[in-house]
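Chain and residue survey
What follows is the residue order along each chain.
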Amino acid sequence: MEKLSRTQKFYLVSIGSVLLFACLGKILFILYKTVSADIMVTESVSFFLRCLPHISSFCAELISRGAFVLAVCSTVYAISYFGKKTGTKSVIGSILCLFAGELLLFLYNITRNVVGKASILAWLVSVLLELLFSCILLWLSYFIAYYFSVKRFHAQKRNRWGRYAPLRAVLLALAIACILHIVILSADKVIPFLIQHQNVTAKEAMDIAYDYGYYIFWHLGISFLWSIPCMKLLEKATGRLQPKDYKAVSKKENENKEFRKG
């Protein structure tokens, strides 16, 4: 580990962590599906066993959310301290890791159930849409991190270093991701339901409020909580680095080109 460069350490820790969390989240989800269907667990006299489905479900969601937040943090960290090429590789590597988690769950399903062509096609469509959405969010994180990196050095503000810190870029990306999830929830479920049912009961209104609360809790609250330890993990792996000034790098490259021409 000591012989590795800081960039290599970053790749090892960032991509390795996303892969670990993505697969672990799916393993915990498989555990939840297994124990929730086992009457020996759900009807057990042991309080812990009866709670095991709820615990495994919560942990699966928690770890899976951590995998995505790690992917966002890795993208922002790469752009903030290494460069565009490292940021691009980080995005691609994270997407492959998230796909590996989905593939693990699919392989489990086909070994436990009879799966036809229609089921495989449905899985492929579902996974591709999920990965496409994650890919859009990660590239959004990429551009936010780049914008913040430029502003960190060149914004006309006294507090620009704090205002455009990498962690703030992460939080902004996660906040936008949460908003997009809520928009999709509204367009896909809530608005069509309200159009079809004019007289909404108190229970239905509570169910709608619960759905929004659930999304805000996981996609905003838990994501924000994950962001700090994830950034600390990456900093621990690479050591404290000097933020990248893209305008200075671009100016130096232009000067080198002019020198070669001369």
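This section reports on the structure supplied with the text.

1. Brief notes about the environment of A155
- Here A155 is to be found in the loop between α5 (117–154) and α6 (160–163).
- Under the relative-accessibility criterion, A155 is labelled buried at 7%.
- Those residues in contact with A155 that sit more than four places away from it in its chain are V150, R160 and Y164.

2. A short note on the packing of aromatic side chains
- Tallying each qualifying case throughout the model produces 20 aromatic pairs.
- With a centroid separation of 5.3 Å and 85° between ring planes, the pair formed by F148 and Y164 is classed as edge-to-face. Of the two residues, F148 is situated in helix α5 and Y164 in the loop between α6 and α7 (166–196); the sequence distance between them amounts to 16 residues. Neither F148 nor Y164 differs from the other in exposure class; each is buried.
- Joined through ring pairs, the aromatic side chains of F58, Y210, Y214, Y215, F217 and W218 make up one cluster.

3. What about the pattern of salt bridges?
- Evaluated as defined, the whole model comprises three salt bridges.
- Put simply, K203 and D207 hold a salt bridge, and the shortest N to O gap is 3.3 Å. Of this pair, K203 and D207 both sit in helix α8 (residues 202–238), separated by four residues, roughly a single helical turn.
- For D207, a relative accessible area of 37% gives the class partly exposed.
- Between E235 and R240 there is a salt bridge, with the nearest N and O atoms lying 3.3 Å from each other.
- On the accessibility criterion, R240 (67% relative accessible area) is exposed.

4. Overview of the packing of helix α1 (residues 6–36) against helix α4 (residues 84–112)
- Relative orientation of the contacting elements α1 and α4 amounts to 20°, with a least axis distance of 9 Å. Between α1 and α4, the interaxial angle falls into the category roughly parallel. Handedness of the α1/α4 crossing: right-handed.
- A breakdown of the residues in the contact of α1 with α4 according to their chemical character gives 16 nonpolar, seven polar and four charged.

What counts as what
Residues numbered from 1 in each chain as written. Predicted model: local features only at pLDDT ≥ 70, side-chain atom pairs only at ≥ 80, totals over all residues. Heavy atoms only, no water. Helix = DSSP H or I, 4+ residues; strand = E, 2+ residues; numbered from the N terminus. Buried < 20%, exposed > 50% of the residue type's maximum accessible area, 1.4 Å probe, protein only. Contact = heavy atoms within 4.5 Å. Phe/Tyr/Trp six-rings, centres within 6.5 Å; stacked < 30°, edge-to-face > 60°. Salt bridge = Lys/Arg side-chain N within 4 Å of Asp/Glu carboxyl O. Axes fitted to C-alpha atoms, helices over the stretch in contact; angles between N-to-C directions. Parallel < 35°, antiparallel > 145°, perpendicular 65-115°, else oblique. Left-handed = near helix turned anticlockwise from the far one by under 90°. Nonpolar A, V, L, I, M, F, W, Y, C, P; charged D, E, K, R; others polar.

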